[in-house]
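# Chain and residue survey
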Number of protein chains: 2
Amino acid sequence: MSKADKKKAPDRMERIVNLAKRRGLVFQSSEIYGGLNSCWDYGPIGVELRRNVKEAWWREMVWSRGDIVGLDCSILMHPRVWEASGHVSGFTDPLVDCKKCKSRFRADHPDVLAKHAETCDGELTDSRQFNLMFRTFMGPVEESANVVFLRPETAQGMFVNFGNVLDTQRRKLPFGIAQQGKSFRNEITPGNFLFRTREFEQMEMEFFVKPGEEAQWYDYWKKERFDWYLRLGIKPDNLRMREHESDELAHYAKGCADVEYKFPFGWSELEGIASRTDFDLKQHAEWSKKDLSYFDEESRERYVPYVIEPAAGADRATLAFLVDAYDEDEVEGETRVVLRLHPRLAPVKVAVLPLMRKDGQPEKAQEIFAQLRPHMVAQYDQAGSIGRRYRRQDEIGTPFALTIDHQTMEDGTVTVRDRDKTSQERVHESDLLAELLRRITG
Amino acid sequence: MSKADKKKAPDRMERIVNLAKRRGLVFQSSEIYGGLNSCWDYGPIGVELRRNVKEAWWREMVWSRGDIVGLDCSILMHPRVWEASGHVSGFTDPLVDCKKCKSRFRADHPDVLAKHAETCDGELTDSRQFNLMFRTFMGPVEESANVVFLRPETAQGMFVNFGNVLDTQRRKLPFGIAQQGKSFRNEITPGNFLFRTREFEQMEMEFFVKPGEEAQWYDYWKKERFDWYLRLGIKPDNLRMREHESDELAHYAKGCADVEYKFPFGWSELEGIASRTDFDLKQHAEWSKKDLSYFDEESRERYVPYVIEPAAGADRATLAFLVDAYDEDEVEGETRVVLRLHPRLAPVKVAVLPLMRKDGQPEKAQEIFAQLRPHMVAQYDQAGSIGRRYRRQDEIGTPFALTIDHQTMEDGTVTVRDRDKTSQERVHESDLLAELLRRITG
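Residues numbered from 1 in each chain as written. Chains lettered and ligands numbered in written order. Predicted model: local features only at pLDDT ≥ 70, side-chain atom pairs only at ≥ 80, totals over all residues. Heavy atoms only, no water.

## Remarks on the overall build of chain A
We count it as follows: Numbering of helices and strands runs from the N terminus, with a helix taken as a DSSP run of H or I at least four residues long and a strand as a DSSP run of E at least two residues long. A simple rule labels every residue: compare its accessible area, found with a 1.4 Å probe on the protein chains alone, to the largest value its type can have, and call it buried under 20%, exposed over 50%, or partly exposed in between. Note on definitions: a residue-residue contact is assigned when non-hydrogen atoms from the two residues lie within 4.5 Å. Charge assignment in this entry is limited to Lys and Arg as positive and Asp and Glu as negative, and neither His nor the chain termini are counted. By convention, the point assigned to a charge is CZ for Arg, NZ for Lys, CD for Glu and CG for Asp.
The number of helices and strands found in chain A is 14 helices and 23 strands. Structurally, chain A occupies a C-alpha span of about 75 × 70 × 50 Å along its principal axes. Counting every position in chain A, which comprises 442 residues, the buried fraction comes to 59%. Across chain A, the fraction of contacts at a sequence separation of at least 24, relative to all contacts at a separation of at least 6, is 64%. Positive and negative charge centroids in chain A, built from 66 and 74 side chains respectively, lie 2 Å apart.

## Concerning the relation of the copies chain B and chain A
Where we set the bar: The copies were overlaid with a least-squares fit restricted to C-alpha atoms from residues scoring a pLDDT of at least 70 in each copy.
The operation relating chain B to chain A is a screw motion whose rotation component is 180°, with 0.0 Å of axial translation and a residual RMSD of 0.0 Å. Taken together, the rotation angle and the small translation identify this as a two-fold axis. When C-alpha positions in chain B are compared against the rotation axis, the closest is assigned to B:Thr136, at 2.5 Å. Interface residue correspondence from chain B to chain A reaches 100%, placing this contact among same-surface, isologous pairings.

## Quick look at the interface of chain B and chain A
Put simply, the rule reads: Note on terms: buried area is the combined drop in 1.4 Å-probe accessible area of two parts once they are placed together, counting the loss on both. Salt-bridge detection follows one rule: a side-chain nitrogen of Lys or Arg within 4 Å of a carboxyl oxygen of Asp or Glu. In this classification, Asp, Glu, Lys and Arg are treated as charged, Ala, Val, Leu, Ile, Met, Phe, Trp, Tyr, Cys and Pro as nonpolar, and every other residue, Gly included, as polar.
With 84 residues of chain B at the contact, the number on the chain A side is 84 residues. For the pair chain B and chain A, the two sides together bury roughly 7,000 Å², of which 54% comes from carbon and sulfur. Applying the counting criterion to the chain B and chain A interface returns 4 salt bridges. Linking B:Arg50 and A:Asp72 is a salt bridge whose minimum nitrogen-to-oxygen distance equals 2.5 Å. Its residues placed into classes, the side of chain B that touches chain A shows 39 nonpolar, 21 polar and 24 charged.

## Notes on the sheet that holds strand E11 (residues 239-243) of chain B
All names here are of chain B. Condition: Two strands pair if DSSP finds at least two bridges between them. Helix axes are fitted to C-alpha atoms over the stretch in contact, other axes to C-alpha atoms as well, and angles between N-to-C directions run from 0 to 180 degrees.
A sheet is described by the order of its strands in space; here 7 strands give the open sequence E3-E9-E10-E16-E13-E12-E11, paired in mixed fashion. Here the strands that pair on one side only, and so sit at the sheet edges, are strand E3 (68-71) and E11. Across the sheet, the mean angle from the axis of one strand to that of its neighbour is 25°, orientation sign disregarded. As defined by bridge partners, strand E9 (residues 175-184) adjoins strand E10 (residues 199-209) across 10 bridges and the pair is classed as antiparallel. Among the inter-strand pairings, Ile177 is bridged to a residue of E10, identified as Glu206. Packing of helix H10 (residues 314-325) onto the sheet brings it into contact with E10, strand E12 (255-263), strand E13 (266-277) and strand E16 (306-313), and relative to E12 it is tilted by some 40°.

## A word on the nonpolar core
What counts is decided by this rule: In this description, a nonpolar core means a group of buried Ala, Val, Leu, Ile, Met, Phe, Trp, Tyr and Cys residues linked to one another through side-chain atoms lying within 4.5 Å.
Membership of the largest hydrophobic core comes to 120 residues, with the highest contact counts inside it found for A:Tyr229, A:Phe321, B:Tyr229 and B:Phe321. Contacts of A:Tyr229, omitting those with residues within four sequence positions, involve A:Ile234, A:Leu239, A:Val259, A:Leu270, A:Glu271, A:Ala312, A:Ala317 and A:Phe321. A:Phe27, A:Val69, A:Met77 and A:Phe162 belong to the second largest nonpolar core, which has 72 residues in total.

## Structural notes on helix H8 (residues 214-231) of chain B
Residues and elements named next belong to chain B. How we decide: Expected span, for any helix, means 1.5 Å times one less than how many residues it has.
Here H8 is 18 residues long and its end C-alpha atoms lie 25 Å apart, about the 26 Å a rise of 1.5 Å per residue gives. Inspection of H8 places Glu214, Trp217, Tyr218, Trp221, Lys222, Arg225, Phe226, Asp227, Trp228 and Tyr229 among the buried residues, and these make up the whole buried set. Within two residues after H8, Gly233 carries a phi angle of roughly 105°, on the positive side.

## Digging into the domain arrangement of chain A
Residues and elements named next belong to chain A. Our working definition: Where each domain starts and ends comes from a domain assignment, either automatic or drawn from a database.
Taken as a whole, chain A is organised into domain 1 (3-76 + 148-322) and domain 2 (348-441). Of the roughly 530 Å² buried between domain 1 and domain 2, counting both surfaces, carbon and sulfur atoms make up 51%. Seen at the junction of domain 1 and domain 2, the total is 2 salt bridges. Ionic pairing is found between Arg23 and Glu395, a salt bridge with its closest N-O pair at 3.0 Å.

## Things to note about the sheet that holds strand E4 (residues 92-97) of chain A
Residues and elements named next belong to chain A. One open sheet accounts for 3 strands, arranged E5-E4-E6; its pairing is antiparallel. Each edge of the open sheet carries a strand with a single partner, namely strand E5 (104-106) and strand E6 (128-131). Across this sheet, the average inter-strand angle for adjacent strands is 45°, counted without regard to direction. With 4 bridges connecting them, E4 and E6 associate as antiparallel partners. The partner of Pro94 across the bridge, within E6, is Gln129.

## Some words on the packing of helix H2 (residues 44-63) of chain A against helix H2 (residues 44-63) of chain B
Operational definition: Roughly parallel covers angles under 35 degrees, roughly antiparallel covers those over 145, roughly perpendicular covers 65 to 115, and oblique covers all other angles. In this scheme the handedness of a crossing depends on how the near helix is turned from the far one: anticlockwise by less than a right angle means left-handed, clockwise means right-handed.
The interhelical angle for the contact between H2(A) and H2(B), taken along N-to-C directions, is 150°, at an axis separation of 14 Å. With respect to their mutual orientation, H2(A) and H2(B) come out roughly antiparallel. Handedness of the H2(A)/H2(B) crossing: left-handed. Here A:Val47, A:Glu48, A:Arg51, A:Glu55, A:Trp58, A:Val62 and A:Trp63 of H2(A) lie close against H2(B), whose contacting residues are B:Val47, B:Glu48, B:Arg51, B:Glu55, B:Trp58, B:Val62 and B:Trp63. Per-class residue counts for the contact of H2(A) with H2(B) are 8 nonpolar, no polar and 6 charged.

## Overview of unusual backbone geometry
When glycine is set aside, most residues are seen to have a negative phi, and most peptide bonds are trans. Cis peptide bonds are those with omega within 30 degrees of zero, and the linkage from A:Leu173 to A:Pro174 qualifies with -10°. Mapped onto the elements, A:Pro174 comes out in the loop between helix H7 (162-169) and strand E9 (175-184). Of note, the phi angle at B:Ser30 is positive, near 55°, even though the residue is not glycine. Locating B:Ser30 in the fold gives a position in the loop between strand E1 (26-28) and strand E2 (40-42).

## Some details on the pattern of salt bridges
Residue and element names in this part refer to chain B. For the structure on display, the rule yields 100 salt bridges over all chains. Among the salt bridges present, the one from Arg231 reaches Glu60, with a minimum N-O distance of 2.3 Å. Taken together, the positions of Arg231 in helix H8 and Glu60 in helix H2 put the pair 171 residues apart, joining distant regions of the chain. In this structure, Asp394 and Arg417 form a salt bridge, with 3.1 Å as the shortest nitrogen-oxygen distance. Here the residue Asp394 occupies a position in helix H12 (residues 386-395), and Arg417 occupies one in strand E22 (residues 413-418), the gap between them amounting to 23 residues. A single burial state applies to Asp394 and to Arg417, both of which are buried.

## Some remarks on the packing of aromatic side chains
We apply this condition: When the centres of two rings from Phe, Tyr and Trp lie within 6.5 Å, Trp using its six-membered ring, the rings pair. Their planes under 30 degrees apart give stacked, over 60 give edge-to-face, and anything left gives tilted.
This structure, assessed with the given rule, holds 42 aromatic pairs over all chains. Summarising the aromatic geometry, the rings of A:Trp57 and A:Trp58 are spaced 6.4 Å apart at their centres and angled 45° between planes, so their arrangement reads as tilted. Grouping residues by exposure puts A:Trp57 and A:Trp58 together as buried. Centroid distance B:Phe369 to B:Tyr380: 5.8 Å. Interplanar angle 40°. Geometry classified as tilted. One end of the pair, B:Phe369, is in helix H11 (residues 361-372); the other, B:Tyr380, is in strand E20 (residues 378-380), and 11 residues separate them in sequence. Judged by its relative accessible area of 6%, B:Phe369 falls in the buried class. An aromatic cluster is present here, built from A:Phe159, A:Phe162, A:Phe175 and A:Phe208 joined pairwise through their rings.

## Thoughts on the environment of B:Arg357
All names here are of chain B. Mapping Arg357 onto the fold places it in the loop between strand E19 (350-354) and H11. Residues Arg357 and Ala383, 26 residues apart in the sequence, show an inter-C-alpha distance of 8.8 Å. When residues no more than four places from it in sequence are discounted, the contact partners of Arg357 are Pro362 and Gln382.

The structure is reproduced here in structure tokens:
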């Protein structure tokens, strides 16, 4: 980042956080009690935005393909799952304490340690491994036999159900299993708004392939997933693919790449695509003593499939779409805040606005509002000048605003205002629904 | 229940659980590790069924109305929330232990205690209060300052955000806030498949009204919520409304009623509708020292709104729709298992089946499959006799099956088979999409 960029960056992020709070996209969790660190609540507008992000992913990954099925596993899983996966022994961060000021730091973050040394001359303890999984106790007795973890990822749910899917869905390789759901990580240093939180929503897919075919499918999924963000409107300049160096890879991995987004706080991971070999299935087969192999009827071979895993975060993706859409421009001599969201992602698709609160315009507007509402998220607004009402919709990214005016009462046409161009055109009310649906999904 | 019903009941439930496992609706969580008590995973078919139940609720409660907004709060909330709500002190079950066999029981379940006395002569301990909230520790140190709870209900998220919604959404009373999401209760005796689980998904709405208007809105929501299940196909004979006796009511409640479903294991609660007065908002106002009142511009009064709360369970609703839809009849001399699900709820809307694997029929079927897939969940199947393929779709409740046969290749018509009537009619491929959409949403 250049110096000028650095100066601009926090301002932009702050403005987005403020807009999110002011317009009901995102609130701090338990705010009236002072908030809960790094936990966030999606407000009436934000909940629709994230729903749309998740729905776009599910539509793309499950419904519109023939080779991926969905799954929804419980957050609480058998503790052995996390022993087999390696999370109990290896999902840790190294921590040190300052003996003087009692602060706690990541031992592997030299910049944080250096900053501490500037303000305190306390000695640090040796570093200890701290497991990032949240623990809780199931059943009425708190004893170790009942310890369960909040899952730190959804992926293991797909691996432990691989046999169930094979047995019930009559699938041939290659095929995938997709899941969306909450995961929890007891991060030492959460932060950057929705970017790194202790409770977050994942969108993961495990694609099972014949060993030897993993390289082509790894390339395929890298391209697919990168393009998904572009198709939903992310600016190409703000997106890049970063292939991991070989010393970053887990011992079993054949490759890993991150889709990165240029956030105001720097390039950061949106999604990881990993070529994981047969590591996960073999681990679970060994620990559970269950057969998790696949019989290939064409080649008459039995083998454990290899896996390609695109793992995305719903909250990170929502933040990226929000940041990317945030814009300020000048309209009629005034600065306008506008979210240029893809119509598919926009929380509200259309606003219905009577120009005047008389001459039957509110009644006509309510009539049109009632017609559209079963088909798309719509808002009705009759308070304030038409200019102010447009601005309110621009701020939450509503792509279309309909104005019902005196001409509507005469010829049945309404004006359709385009959020991005701020231009208007008249459409007859009988064509409205089809026209709006075409523009939203087209 | 009559004796004959009792004998039949477990069989029917068992057959439904078996179907759920065999066809990929519901698997036991972590099954390869012996399962995790009372936790369930939704398989490829079940995940779509529950998605449809949740979507139908959201559509009804949020999108198609003008007076309810959505919200999605974090599962982890500030611990003070649960002190204010009364859950820390009062969300408990009384437990006793047997000093001899070490078993643990609900002290308020005399039938369970009597059953124990038949098999063991051990003395019971005094009863103790056991809190049902799951506890975990946030941040790297396990000490009491960091204890947080997994929410036992989503409702408190709406109450603590009442001010945020008021400030940002320009709403006038009456209006509601709706939320769907996971909750957790450390039940002593979970059971009955999806009915009582320790991790479950709620669909709750808080409707805020002017004090004095609560009676009419209580009646309104009882009727609305009862009718919702009927509109989605629940048989009227299997649904009833049970008004609570006054000695069942919480001290602050003005009324409470349960929508009950006649499960094979007996009439059980699907959803509760409660008239909660201003209890929750006043508690949070007191504990947080924040003003949670509303200024009524019409009457120029300031007051704390009263609340009507319809609280449903997504898993219970899914189970009820599944149980209600399960049927066995006779088709062509054979017993057929069929899920008579409402088309809106059906996991798969349409199956595309080439009659023969030759003469261009599979290619034509794939072409039609590709056309329909972007608009509805569809399956392609060419394996086995056409009769067997119909049965497979009947078992998962697919309302329509298309067969591509020799006549299709000549005149472009396909047969559309109706799951319930098992009758067929020919529809031209150019009319298929519109016709199917009409039947699914109509």
